[in-house]
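One letter stands for each residue in the lines below.
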Protein chains: 2
Amino acid sequence: MKPPSETHVVIAGAGLVGALLACQLGKRGYRVTLCERRPDPRAAGFVGGRSINLALSCRGITALRRVGLDDTVLASSIRMPGRMLHDEKGNLTFQAYSSNPEDAIRSISRSDLNLILLDAADKNTNVEIRFESRCVGADLNAPSIELETPTGHETITGDYVFGCDGAFSTVRGAMQVTDRFNYQQSYLDHGYKELLIPPAAECGVDASLHDGFAMDPHALHIWPRGHYMMIALPNDDRTFTCTLFWPFEGPNSFAELAPDGPVRDYFDEHFPDASRLMPTLEYDYANNPIGSLVTVRCSPWQRHARTLLLGDAAHAIVPFYGQGMNAGFEDCRLFDETIEQVEGDLSVAIERFAESRVPAANAIADLALENFVEMRDSVADPLFLLRKRVEHTLHRLDAECYMPLYNLVSFSNMPYDEARIVGGRVVRLAQCIAGSLQQDGETGLDDEALQARVVAILDHMEGST
Amino acid sequence: MKPPSETHVVIAGAGLVGALLACQLGKRGYRVTLCERRPDPRAAGFVGGRSINLALSCRGITALRRVGLDDTVLASSIRMPGRMLHDEKGNLTFQAYSSNPEDAIRSISRSDLNLILLDAADKNTNVEIRFESRCVGADLNAPSIELETPTGHETITGDYVFGCDGAFSTVRGAMQVTDRFNYQQSYLDHGYKELLIPPAAECGVDASLHDGFAMDPHALHIWPRGHYMMIALPNDDRTFTCTLFWPFEGPNSFAELAPDGPVRDYFDEHFPDASRLMPTLEYDYANNPIGSLVTVRCSPWQRHARTLLLGDAAHAIVPFYGQGMNAGFEDCRLFDETIEQVEGDLSVAIERFAESRVPAANAIADLALENFVEMRDSVADPLFLLRKRVEHTLHRLDAECYMPLYNLVSFSNMPYDEARIVGGRVVRLAQCIAGSLQQDGETGLDDEALQARVVAILDHMEGST
């Protein structure tokens, strides 16, 4: 086994996952070449990835802590301890994500985060970052990747290759044509379009109300509308990025509302409070692209114990649990821990990580798909709200025993597949209790009374088993 | 709409489905260019596709009848009205596929069938077949395909392009990188290897017993062994092609029994009666390749109403229901009927067929996977055998009302997805009756007694609803 300083590691993609992996492997002393198709954002300005901001939660923070970047990143993030629901009349309801007021997800700018990670990677003298080097092919036997650069094509061979090149990964493409590679790409019938809410002053809102924001920045805003929805996350510059999730076809769809259609009328009717805060709505709607939403699953994630996929390249998911980046960062953290466990044998670490991580990736892919229904529809249902209150009550009663699914996914590092099972039980218990409260007409209890009833019901259940 | 004679249709792949499609479109007067990577088998000898022989059943025959080739093909086929099960001691049990003695699947040589179809396509003066022309790319906007020929690369543009280029379709590859193309390739943990049983005379069997065959040719032979199995289908030349379906790894697997391992000992132990009929076993095992088994699902099957996938390119399935070729031929038949329904508007036919056929393709993909368990395991289970007898009894009682799933799939043209639902009900009813017979200890009834009990149970069920 060669020492790290003589081991050449090639990473395709310097997005969030590739840059974090470079930090980790750089720290371990490997000779890292990090290849990125875009120009250096520190010189050229950031050329967007997919979405402008992201929700960072426990798994992402845990991974950042491992490379000492958690404080820096958290400093530029905005706490969102709950959801703010907007109904058709503009009425607001706040739903805390947790009964523990410490728990919050955090809105962070994709570009800021990427810059922090690139800077950190660059500080390692053994990490070389090559911009304007697009990975256009991979040879899994070498292993090597082929780069398209401003001066031509180039093949770069390493002892190991890591495919961190996203949902449409070229490295994965090379794996896909090898025998016995299982692969699935599955698109939603919904697409998305990003829209803007500017700072308070620019849309006629009293700037003193929300510290210069047009709405409360400490929430993930949702306009749930059954088959579709809009959400908004706050940005550092006091704007909000709204994302409209809409079917491509059919009633209430991108096909129905043409770019030059009656956009303002439509928003006035369906999102009246948001529409008032969107002075550039017509322009944004007409000019911003419609994105599609893909889930990618595959296995095995590695070939010949020399090439490994991480992040979206291995498991692209839909954004509805806010876990895409967090799952990718967790990949990096777990892979780094595996390297430690096998005392630096990268081949063994690649095989072990690739095999052990697939069930978790499949679980969060499923959960993210299911959460779309919750966000766009269930959140507006009184029985759902009651169930959430019961979940929080259970959690307050015994945080160990009754950690709800959302908390396990967003505020713990329990493997996603385990969280799904453990948290699913709490959801079903809360559902059952909420159902019996509803049957008894006890839907309007205050927190104290609710807790007393939940305790009574639990005691009764225990007695009957 | 241009008349057929001025409409240029390009077909990628002159395997079974591509050649049949060329026959159909040629008959309709289209100008067809049929492109095939292999040399002309009529001059060069047949260079194998995947398996040597295939099971032809109702759907395939119906499609062949449409182009007037059913009689020619059936003449060179061998009737298999049931399964012959071989246990570990070499004991035989025959299971008819149907209560109707007319029903049979038919063993047919892939190469003979392909030659018949190529000859028939070639008889149309408006069909041009280009051999040694491998499709290496496709442009869905033209639409065109890129061919690699002995003299170089060539692009061939048509009014329409049909991708009949199999499970690893290049045309589908071009679709896969377009937005919102859903795609899945999924491999079994089992692979397969073909082995040979020569004519009776060459393996010491009395040639008068089975008309020169070493075993009864009028059956699909199965050696069910729980997690794995071997099957054998008869060939025209009085040989059988055996196919061993085995896990790649683990106990009883290709990994465990190396090409130079104790192959004869293993077969003597697990397939004693077959082993005696396989004089070239060691050589065949060492030299024949191990194939993998993939299921491919995708949608949509068409792009711009100009390019369409058919057969394995659209829906590769595992071979355990003997429906891969039959499903591909049914694609051709249904597409041809659709052309008729829309009065020759190929664009509309492409869109309509592509959308309507997906549920059937997904159903047979699932059924084929499920049938692997039935063939390798359940067929040896007494309760399963009783259930099959009850299915046949029900079928005899009322063929309209109680058509079992196997019959609907193999001996009818009912869409696979509908067959799955309708036939599934009969399977569950038979399962329920067999269970109650078992409970009452009535497992050894003769046919007459069984029928009387089934009628009584049905009457009782009717009375209680």
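Since this is a predicted model, take the numbers as computed values, not measurements. (Residues numbered from 1 in each chain as written. Chains lettered and ligands numbered in written order. Predicted model: local features only at pLDDT ≥ 70, side-chain atom pairs only at ≥ 80, totals over all residues. Heavy atoms only, no water.)

## Observations regarding the packing of aromatic side chains
The condition that has to hold: Pairing of aromatic rings covers Phe, Tyr and Trp, the last counted by its six-membered ring, and requires centre-to-centre distances within 6.5 Å; plane angles under 30 degrees mean stacked, over 60 mean edge-to-face, and any other angle means tilted. Either the NZ atom of lysine or the CZ atom of arginine qualifies as a charge over a ring when it sits within 6 Å of the ring centre and within 35 degrees of the ring normal.
By the definition in use, this model includes 38 aromatic pairs over all chains. Through a chain of ring-to-ring contacts, three or more aromatic side chains come together here, namely Tyr228(A), Trp246(A), Phe248(A), Phe254(A), Tyr266(A), Phe267(A), Phe271(A) and Tyr285(A). A cation over a ring is seen here: Arg376(A) above Phe372(A), with NZ or CZ 4.5 Å from the ring centre. Sitting above the plane of the Phe248(A) ring, Arg180(B) keeps its charged end 3.4 Å from the centroid.

## Looking at the domain arrangement of chain A
Residue and element names in this part refer to chain A. Condition: Note: domain ranges come from an automatic or database domain assignment. Whether two residues are in contact is decided by their heavy atoms: any pair within 4.5 Å suffices. Once two parts are put together, the accessible area they lose, assessed with a 1.4 Å probe and summed over both, is termed the buried area. We count a salt bridge whenever a side-chain nitrogen from Lys or Arg sits within 4 Å of a carboxyl oxygen from Asp or Glu. Between N or O atoms, a polar contact is any pair within 3.5 Å; within protein, one atom must be a potential hydrogen donor and the other a potential acceptor, and residues adjacent in sequence are included only when both atoms are from side chains. A helix here means a DSSP run of H or I that spans at least four residues, while a strand means a run of E at least two residues long, and both kinds are numbered starting from the N terminus. Under the grouping applied here, Gly and all other residues not named as nonpolar or charged are polar, the nonpolar ones being Ala, Val, Leu, Ile, Met, Phe, Trp, Tyr, Cys and Pro and the charged ones Asp, Glu, Lys and Arg.
Its domain assignment divides chain A into domain 1 (4–81 + 108–185 + 294–372), domain 2 (188–292) and domain 3 (381–463). Each partner contributes residues to the interface: domain 1 has 18 residues there, and domain 2 has 17 residues. Both faces considered, domain 1 and domain 2 share a buried interface measuring about 1400 Å² in area, 67% of it formed by carbon and sulfur atoms. Here domain 1 and domain 2 share zero salt bridges between them. Linking domain 1 with domain 2 are four residue pairs in polar contact (both at pLDDT 80 or more), by the criterion used here. Within the residue set of the side of domain 1 that touches domain 2, elements represented by two or more residues are strand E3 (53–56), strand E4 (78–80) and helix H12 (346–376). A per-class count over the side of domain 1 that touches domain 2 returns 12 nonpolar, three polar and three charged.

## Section: the relation of the copies chain A and chain B
Worth spelling out the cut-off: Superposition of the copies was done by least squares, using only C-alpha atoms of residues whose pLDDT is at least 70 in both.
Once chain A has been moved 0.0 Å along the axis and rotated by 180°, it coincides with chain B to within an RMSD of 0.0 Å. Accordingly, the operation relating the two chain copies is best matched by a two-fold axis. Ranked by how close their C-alpha atoms come to the rotation axis, the residues of chain A are headed by Gln184(A), at 2.0 Å. When you check the interface residues of chain A against chain B, 100% turn up at the interface there too, and the contact is symmetric in its surfaces.

## Re the interface of chain A and chain B
Listed as interface residues are 15 residues of chain A and, on the opposing side, 16 residues of chain B. Contact with chain B buries area across many residues of chain A, yet Arg180(A), Gln185(A) and Tyr187(A) alone supply 44% of it, more than any other trio. Inspection of the chain A/chain B interface yields zero salt bridges. The interface formed by chain A and chain B holds 11 residue pairs in polar contact (both at pLDDT 80 or more) in total. A per-element tally of the side of chain A that touches chain B places strand E13 (residues 182–197) of chain A first, with eight residues.

## Notes on the packing of helix H13 (residues 382–397) of chain B against helix H15 (residues 416–439) of chain B
All names here are of chain B. Put simply, the test is: For helices, the axis comes from a line fit to the C-alpha atoms of the stretch in contact; other axes are also lines fit to C-alpha atoms, and the angle between any two N-to-C directions lies between 0 and 180 degrees. For classification purposes, an angle smaller than 35 degrees is called roughly parallel, one larger than 145 roughly antiparallel, one from 65 to 115 roughly perpendicular, and anything else oblique. The hand of a helix crossing depends on one turn: near helix anticlockwise from the far one by less than a right angle means left-handed, and clockwise means right-handed.
Two elements in contact, H13 and H15, have axes whose closest approach is 8 Å; the angle formed by their N-to-C orientations is 120°. The orientation of H13 with respect to H15, classified from their angle, is oblique. At the point where H13 passes H15, the crossing takes the right-handed sense. Here H13 contributes Leu 383, Leu 386, Arg 387, Val 390, Glu 391 and Leu 394 to the contact with H15, which in turn contributes Val 426, Val 427, Leu 429, Ala 430, Gln 431, Ile 433, Ala 434, Gly 435, Leu 437 and Gln 438.

## Quick notes on the sheet that holds strand E8 (residues 127–130) of chain B
All names here are of chain B. The test is simple: Pairing between strands is defined by DSSP: at least two bridges between the two strands are required.
Reading across from one edge, E8-E2-E1-E12-E19-E18 is the order of the six strands in this open sheet, with mixed pairing throughout. Across the chains shown, the open sheet's two edge strands, defined by having one partner strand only, are E8 and strand E18 (302–303). As paired elements, strand E12 (residues 160–163) and strand E19 (residues 307–309) share three bridges and run parallel to each other. Paired with Phe 162 across the bridge in E19 is Leu 308.

## So, the sheet that holds strand E7 (residues 105–109) of chain A
All names here are of chain A. The strand order across the open sheet built from three strands is E3-E7-E4, with neighbouring strands paired in antiparallel fashion. The open sheet has two free edges, formed respectively by E3 and E4, since each of these has just one partner strand. The sheet shows a mean angle of 35° between the axes of neighbouring strands, direction not considered. In this fold helix H5 (residues 110–122) packs onto E3 and E7, with an angle of close to 80° to the strand it touches most, E7.

## Some remarks on the environment of Ala363(A)
Within the secondary structure, Ala363(A) is located in helix H12. If we skip the residues at most four places from it in the chain, Ala363(A) touches Tyr416(A), Asp417(A) and Arg420(A).

## Structural notes on the confidence of the model for chain A
What counts, and what does not: The predictor attaches a confidence to each residue, called pLDDT, with possible values from 0 through 100.
In this model, chain A carries a mean pLDDT of 95, and residues with pLDDT of at least 70 account for 98%. What the predictor reports for the complex is a pTM of 0.90 with an ipTM of 0.85.

## Brief notes about the environment of Gln438(B)
Residues and elements named next belong to chain B. Our working definition: Under the scheme applied here, a residue whose accessible area is under 20% of the maximum for its type counts as buried, over 50% as exposed, and between as partly exposed, the area being computed with a 1.4 Å probe on protein chains only.
Mapping Gln 438 onto the fold places it in helix H15. Judged by its relative accessible area of 42%, Gln 438 falls in the partly exposed class. Between the alpha carbons of Gln 438 and Leu 383 there is a distance of 7.6 Å; along the sequence they are 55 residues apart. Each residue touching Gln 438, except ones within four places of it in the same chain, is listed here: Leu 383, Leu 386 and Thr 443.

## As for the state of the cysteines
Stated precisely, the cut-off is as follows: Sulfur atoms of two cysteines make up a disulfide when they are within 2.5 Å.
For the structure shown, the criterion picks out zero disulfides over all chains. Free cysteine: Cys135(A), not disulfide-bonded; nearest cysteine sulfur from Cys35(A) at 7.8 Å.

## Some words on the side chain of Gln323(A)
Residue and element names in this part refer to chain A. Tracing the backbone through its elements, the reader meets Gln 323 in the loop between helix H10 (312–315) and helix H11 (324–341). Under the relative-accessibility criterion, Gln 323 is labelled buried at 1%. Contact partners of Gln 323, with chain neighbours within four places excluded, come to Ser 57, Arg 59, Ile 317, Ile 364, Val 409, Ser 410 and Tyr 416.

## Digging into helix H3 (residues 58–66) of chain A
All names here are of chain A. Here H3 lies mainly inside the structure; seven of its nine residues are buried. By the burial criterion, the buried members of H3 are Cys 58, Arg 59, Gly 60, Ile 61, Thr 62, Ala 63 and Leu 64. Of the residues one or two after H3, Gly 68 is the one with positive phi, at around 75°.

## Brief notes about the pattern of salt bridges
All names here are of chain B. If you walk through the whole model with that rule in mind, you get 62 salt bridges over all chains. The closest approach of N and O atoms between Asp 122 and Arg 42, which form a salt bridge, is 3.0 Å. Placement of Asp 122 in helix H5 (residues 110–122) and of Arg 42 in helix H2 (residues 41–44) is noted, with a sequence separation of 80 residues between them. By relative accessible area, which is 32% here, Arg 42 ends up partly exposed. Residues Arg 389 and Asp 447 are paired through a salt bridge, measuring 2.9 Å at the closest nitrogen-oxygen approach. A residue pair is termed long-range when its members are at least 10 positions apart, and Arg 389 in helix H13 and Asp 447 in helix H16 (residues 447–463) qualify at 58 residues. For Arg 389, a relative accessible area of 26% translates into the label partly exposed. By relative accessible area, Asp 447 is classed as partly exposed at 46%.

## Points about unusual backbone geometry
Residues and elements named next belong to chain A. Cis geometry marks the peptide bond from Ala 142 to Pro 143; its omega dihedral reads -10°. Structurally, Pro 143 can be placed in the loop between strand E9 (134–139) and strand E10 (144–149). Of note, the bond from Ser 299 into Pro 300 is cis; its omega dihedral lies within 30 degrees of zero at -5°. In this fold, Pro 300 is placed in the loop between strand E17 (291–299) and strand E18 (302–303). Positive phi outside glycine occurs at Glu 132, with the angle close to 50°. Secondary-structure assignment places Glu 132 in the loop between strand E8 (127–130) and E9.

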